[in-house]
Amino acid sequence: MKNRNSYIVIGIILIVLILDQWFKIWVKTNMSLGEEIFPLGADNEWFRIHFTENPGMAFGLKLGGSWGKILLSSFRIVAVSFMAYYLALLIKKKANLGLIVSIAFILAGALGNILD
């Protein structure tokens, strides 16, 4: 990964991970469960920060017991590894920068979920 796109990808992933973790820590330490904040004012209800926790995966689904958590974590690690490999292939093949950046954002979000 020696070309310009690889530096863009690394930068995106690092910035998104840092912002993601910082924001999650800020919400956990400054808000109560179920609390909402309207950063643009109460008359702009379309943008709100609502503190909720999801103990499982998408849509609140979860696998039971400690084996379920291990299975889900293993799946996440495999999926992120595949995405990282695919992203490296896209960079090597000099794919469209828009596609590379999009996959980098998805990968950064997935890494943030693993860190949680």
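Residues numbered from 1 in each chain as written. Predicted model: local features only at pLDDT ≥ 70, side-chain atom pairs only at ≥ 80, totals over all residues. Heavy atoms only, no water.

1. Regarding the overall build of the protein
Looking only at helices and strands, one finds three helices and two strands in the protein. When the elements of the protein are put in sequence order from the N terminus, they spell out α-β-β-α-α. Taken over the C-alpha trace, the protein has a radius of gyration of 17 Å; the compact-globule value for 116 residues is 13 Å, which it surpasses by more than 25%. With respect to the principal axes defined by its C-alpha atoms, the protein has extents near 45 × 40 × 20 Å. The burial tally for the protein puts 22% of its 116 residues in the buried class. (Helix = DSSP H or I, 4+ residues; strand = E, 2+ residues; numbered from the N terminus. Rg over C-alpha atoms; globule rule 2.2 N^0.38 Å. Buried < 20%, exposed > 50% of the residue type's maximum accessible area, 1.4 Å probe, protein only.)

2. Some thoughts on the packing of aromatic side chains
Taken as a whole and assessed by the stated rule, the structure comprises four aromatic pairs. When the centroid spacing of 6.1 Å and the interplanar angle of 15 degrees are considered together, the rings of phenylalanine 23 and tryptophan 26 count as stacked. Pair noted here: phenylalanine 23 and tryptophan 26 are both in helix α1 (residues 4–30), with a separation of three residues, about one helical turn. When the centroid spacing of 6.4 Å and the interplanar angle of 10 degrees are considered together, the rings of phenylalanine 82 and tyrosine 86 count as stacked. With phenylalanine 82 and tyrosine 86 both in helix α2 (residues 65–92) and four residues apart, this pair spans about one turn of that helix. The exposure class of phenylalanine 82 is exposed, given its relative accessible area of 54%. (Phe/Tyr/Trp six-rings, centres within 6.5 Å; stacked < 30°, edge-to-face > 60°.)

3. Remarks on the environment of leucine 33
For leucine 33, the position within the fold is in the loop between α1 and β1 (36–37). Between the C-alpha atom of leucine 33 and that of isoleucine 91, which follows or precedes it by 58 residues, the distance is 41 Å.

4. Remarks on the pattern of salt bridges
Across all of its chains, the model carries three salt bridges by this definition. Salt-bridge contacts for aspartate 20 lead to lysine 24; the nearest nitrogen and oxygen are separated by 3.0 Å. A residue pair is termed a helical-turn pair when its members lie 3 or 4 positions apart in one helix, as aspartate 20 and lysine 24 do in helix α1 at four residues. Judged by relative accessible area, aspartate 20 falls into the partly exposed class, the value being 23%. The class for lysine 24 is partly exposed, based on a relative accessible area of 26%. Across the pair arginine 48 and glutamate 36 runs a salt bridge, and its minimum N-O distance is 3.4 Å. Separated by 12 residues along the polypeptide, arginine 48 in the loop between β1 and β2 (49–50) and glutamate 36 in strand β1 bring together distant segments of the chain. On the basis of relative accessibility, which here comes to 32%, the residue glutamate 36 falls in the partly exposed class. (Salt bridge = Lys/Arg side-chain N within 4 Å of Asp/Glu carboxyl O.)

5. Structural notes on unusual backbone geometry
A positive phi is found at lysine 94, a non-glycine position, where the angle reads about 55 degrees. Looking at where lysine 94 falls in the secondary structure, it is placed in the loop between α2 and α3 (97–115).

6. Digging into the side chain of serine 6
For serine 6, the position within the fold is in helix α1. Since its relative accessible area comes to 0%, serine 6 is described here as buried. One polar contact links the side chain of serine 6 to the main-chain carbonyl oxygen of asparagine 3, over a distance of 2.6 Å. (Polar contact = N/O pair within 3.5 Å; in protein donor to acceptor, adjacent residues only side chain to side chain.)

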